[in-house]
Amino acid sequence: MPHPDPERLCLSLDGIWRFTHEIDGRQRDIVVPMPWQAQFDDLRQVSGTAHYRRSFPAPPANPDEHWLLCFGAVGYHTTVRLNGIPIGSHEGGWLPFECPIPDGLLHDENQLDVTVILPDGSTATPDFPFAEIPHGKQSWYGPTGGIWQSVRLERRNRFHLQHCAITADLATGQVALALTLTGPTAEGTTVAVTLLAPDGSAVATSQTGTAIATGQTDAGTLTLTVPQVQPWHPDHPALYTARVTLLQAGQPKDITNHSFGFRSFQTRNGQLLLNGAPFYMRAALDQDYYPTGICNPPSLEFLEDQLHKAKALGLNMLRCHIKVPDPRYYEAADRLGMLIWTEIPNVAGFTAASARRMRDTMQGILNRDGNHPCIVIWTLINEDWGTRLIEDASHRAWLAGMYDWLKQADPTRLVVDNSPCHQNFHVKSDLDDYHFYRSIPERRTEWDELIADFATRPDWIWSPNGDAQRRGDEPLILSEFGVWGLPDPDLLAGPDGAEPWWMETGAAWGDGVAYPHGIQNRFATYRLDTVFQSFDAFITAVQWYQFANLKYEIEVMRRHAPIMGYVITEFTDVHWEANGLLDMNRNPRVFHDEFATINADIIIVPQVSHYAGTAGQPVRIGLSVALGGGSLPSGATLNWSLAGGDTGSLPVPAAMPCDVADLGTITPTLPAGTANRMHRVDLTLTSGLKVLARNAVDIASYAPRHRTDLPSLATDAPGLAAHARGLGYRIVPRDRADLILTHGLVAADIAAMQAGARYLVLADGTDALTTSLRLDAPDQMLLPDIILTPRDGTIWRGDWIAGFSWIRRQGPFADLPGGPLLDLSYDRVVPHHVMTGFRPWEYGGAVHAGLVVGWVHKPAALIAERRVGRGGLVATTFRLCCDPPGTDPVASALFDALTRCAAELVTDP
């Protein structure tokens, strides 16, 4: 008789199962694989116990082989019964497990029952409470329970390969295979290995096979050598295959194929090295969440498409964030050439049991994913979640020990102990990484100072408790930064036009501003159509705001040669979290095609002290070229041109990888004119006929001021009087003034307004105002019924969940260039306070400048008018007196517009 086919036979059990959840006991159909939360509206946020059932016919039998039930991943605790008999259980929600089927248990028709328990915050699961299991972002975006990866029946020889760990040495071409076997061995048992090149040809083989002692399950390590190695690299991801054949009496009994690549990833002297060459990290955080399946990618093609988009955005790495992905994620990254930084899902409480679970999870990740060349970095803890590094020395000792254990288990990759943010730190790590979130232009100065300090390799990145094990040359990586944009809800709607279910989540985050549902209604309620013309125009504007933030922040980082890379938060939106480069459905932002110009290995880095100038006057722009992993030969040129104005070029010196070449300063003259407008300076780096990089700088150009017809002002504040005089205003007694100028109000001012006076209130924080713009009523809400609030310490700070600040370009503000959102030219005047107390309808008229946060929540005013008796006021929180009068054309133009606005207030005679 012919020998049976030695390849393993797999029969999928994916498809429709019967499902019952304890919450109601109702039977219904469910699709496997996919979490139950992704399929049932009434179970979106439900954990607890569920039962799965399906039947299947008897698979073909073979006396030398047996069948196993193989689960890709089930969240969280699983009990498996076949035909009423328990055949296995498993704890852990992220990794595969299998249940051997005992002989004689399979019948002509078989019933498979799977019971799954997903713990929540209650005490119902004392053996595995939610806080002590690796759950990752389930505490953010909602639970994911049940059979969420594929289920299959797999036929194997009783003697088969259980695990193959491959180490491929790029320098020598040596390939070491550590083999673990399962099942009884017999005399004459051998193992043969053939290595196949990327084109499928055999390049190395164990010629005679290696004999295995009877009963042995550890076959040891086999070493082969590949001549003329093809390295795995994102630009040419060369993948090899190891074919492992187990033989008995010369007959093949088990054949398996294992993909791997020759790749090294190391650090040296503060640099990252990929295959021995300097590497600059351009990464994005990837939560690995999907539009319909939550943690299930819809298909391999979907994964491939998002990786193509990632590469088009200029990304060379994804940081797969505190989640173990579907195995296809890594398989696609291997083939298409995307480096991956991956992490253990975090716990919420540190105990001996949770520590054991995290280590077991990491070991399981190594077992399942250790052969993937795309994975180059492991993270143990993110932002001290689940540990208390600041307060507990035992947690710091455990973390250092985990680092040592993982480096010994896998010396081929980098290990980050804790990827830290504000107030936590590293103990022992291969990277000096850190997380900062600041919005631009609101906190431009803070960003500049933080990055400059970070580039000096400061001590505050590391434990201050005397237990930091710092080498001193760990590469500096800004491993989280970014700001929100917003997706177009129309692109997220289902085939029936309904919004996705997650639009009604997020209310618990960011003081409520992360709640998406009703965004169009809020846009209309706050009359933002009077600012942005339409909702679509608003979405476009906030996406360009996101681009401007990322562009500026990347440029600042690239000025500092010691910084070796960054991780943008994030690759895609995740449910209510709207800071992705793509939306939840993987639709691109409006800046998709432009983003790679500033997210590239070589970029032109402008440095502008102020993004505003006066028409007919020069502006100063510092220029440098930042290199990543490549070098720049001599003879390159940087060409610059100002539309309708100056042009020029600069020679660029030769530069080595990771250098920053300073090219000095250019001073283009803004075109003369009588209208305010935006001007763009285009920058192009060329070598011969080849364009190496492009960039651009937008400058707000203001026409020279006309000092005629300015309203007369009265003020009791000497500083305000001096500033106004410097701008050409006449300061006169109150009874002859068109306007009264002040930083804050007292009762006499209210009486004056009630009698018909007009006021301009610069509530910029100069004076210690109360919450009602008053200097005299600290505990009362009195006229003008405007509530003043500092932004710092509130959701209006807008560093992570962005606040979108706008000025309506109408009336006195019509000739302000740019807009409606504030751009970098406003960085010197951007308000540190907001004003509330306005009705929604007032945002269509009385409020001339304001902001909304996140999904159009928390409206607040930055410029607003209010009637008080027969008179009234215009109040603003813009900081217009920070620079000497006339120094900043933005401050001058705003001051002029505000005085006109206040002078034009309609008052009763």
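Above this text you will find the structure in question.
Residues numbered from 1 in each chain as written. Predicted model: local features only at pLDDT ≥ 70, side-chain atom pairs only at ≥ 80, totals over all residues. Heavy atoms only, no water.

Asker: How should the pattern of salt bridges be read in this particular structure?
Answerer: Two side chains of opposite charge can pair, provided their charged atoms sit close to one another. Overall, the coordinates contain 56 salt bridges when judged by the stated rule. Measuring nitrogen to oxygen at the nearest pair gives 2.9 Å for the salt bridge that ties R438 to E446. For E842, the salt bridge is made with R866, and the minimal N-O distance between the two is 3.1 Å. In this pair, E842 is assigned in the loop between strand 47 (833-836) and strand 48 (847-853) and R866 in strand 49 (residues 857-868), connecting sequence segments 24 residues apart. Take R866: its relative accessible area is 14%, and that puts it in the buried class. One network of salt bridges, with partners in common, ties together R8, E98, R152, E154, R156 and D254. (Salt bridge = Lys/Arg side-chain N within 4 Å of Asp/Glu carboxyl O. Helix = DSSP H or I, 4+ residues; strand = E, 2+ residues; numbered from the N terminus. Buried < 20%, exposed > 50% of the residue type's maximum accessible area, 1.4 Å probe, protein only.)

Asker: Help me understand the side chain of K551, please; the structure alone is not making it clear to me.
Answerer: Here K551 is to be found in helix 9 (residues 535-558). Those residues in contact with K551, other than ones at most four positions away along the chain, are I598, N695 and A696. (Contact = heavy atoms within 4.5 Å.)

Asker: When you look at the packing of helix 6 (residues 444-454) against helix 9 in this model, what are you seeing that I'm missing?
Answerer: The relative placement of two packed helices is expressed as an angle between their axes plus a distance between the axes. Two elements in contact, helix 6 and helix 9, have axes separated by 10 Å at closest approach and are oriented at 30 degrees. Between helix 6 and helix 9, the angle falls in the class roughly parallel. Of the two elements, helix 6 crosses helix 9, and the hand of that crossing is right-handed. In this structure, helix 6 contributes R444, W447, D448 and I451 to the contact, and helix 9 contributes Y552, E553, V556 and M557. Broken down by class, the residue content of the contact of helix 6 with helix 9 amounts to five nonpolar, no polar and three charged. (Axes fitted to C-alpha atoms, helices over the stretch in contact; angles between N-to-C directions. Parallel < 35°, antiparallel > 145°, perpendicular 65-115°, else oblique. Left-handed = near helix turned anticlockwise from the far one by under 90°. Nonpolar A, V, L, I, M, F, W, Y, C, P; charged D, E, K, R; others polar.)

Asker: Which parts of the structure should I look at to understand the packing of aromatic side chains?
Answerer: Any two aromatic rings considered together are summarised by their centre-to-centre distance and by the angle between their planes. Scanning all chains against the criterion turns up 46 aromatic pairs. Consider the rings of F350 and W398, whose centres lie 4.8 Å apart with planes at 65 degrees: the pair is edge-to-face. Residue F350 is found in the loop between strand 28 (339-343) and helix 4 (352-369), and its partner W398 is found in helix 5 (residues 393-409); the two are separated by 48 residues along the sequence. For F350, a relative accessible area of 21% translates into the label partly exposed. With a relative accessible area of 18%, W398 lands in the buried category. (Phe/Tyr/Trp six-rings, centres within 6.5 Å; stacked < 30°, edge-to-face > 60°.)

Asker: Hey, could you run me through the sheet that holds strand 24 (residues 271-274) in this one?
Answerer: Taking strand neighbours across the sheet as the criterion, the three strands line up as 23-24-25 in an open arrangement whose pairing is antiparallel. The open sheet has two free edges, formed respectively by strand 23 (265-268) and strand 25 (277-279), since each of these has just one partner strand. Across the sheet, the axes of successive neighbouring strands diverge by a mean angle of 45 degrees, strand direction being ignored. Across three bridges, strand 24 lies against strand 25 in antiparallel orientation. Within strand 25, the position partnered with L272 by the bridge is F279. (Pairing = 2+ DSSP bridges.)

Asker: Mind showing me how you'd approach the environment of A219 here?
Answerer: Turning to its location among the elements, A219 is positioned in strand 18 (residues 218-225). Under the relative-accessibility criterion, A219 is labelled buried at 14%. C-alpha separation for the pair A219 and A846, spaced 627 residues apart in sequence, amounts to 80 Å. If sequence neighbours within four positions are ignored, A219 has contacts with L179, L181 and I212.

Asker: Hey, could you run me through the packing of helix 4 against helix 5 in this one?
Answerer: Contact pair helix 4 / helix 5: the axes reach a minimum separation of 12 Å and the direction vectors enclose 20 degrees. Here helix 5 runs roughly parallel to helix 4, going by the angle between their axes. Every pair of crossing elements has a handedness; the one defined by helix 4 and helix 5 is right-handed. In this structure, helix 4 uses A355, M358, R359, M362, Q363 and L366 to contact helix 5, whose residues at the interface are W398, M402, W405, L406 and A409. Its residues assigned to classes, the contact of helix 4 with helix 5 comprises nine nonpolar, one polar and one charged.

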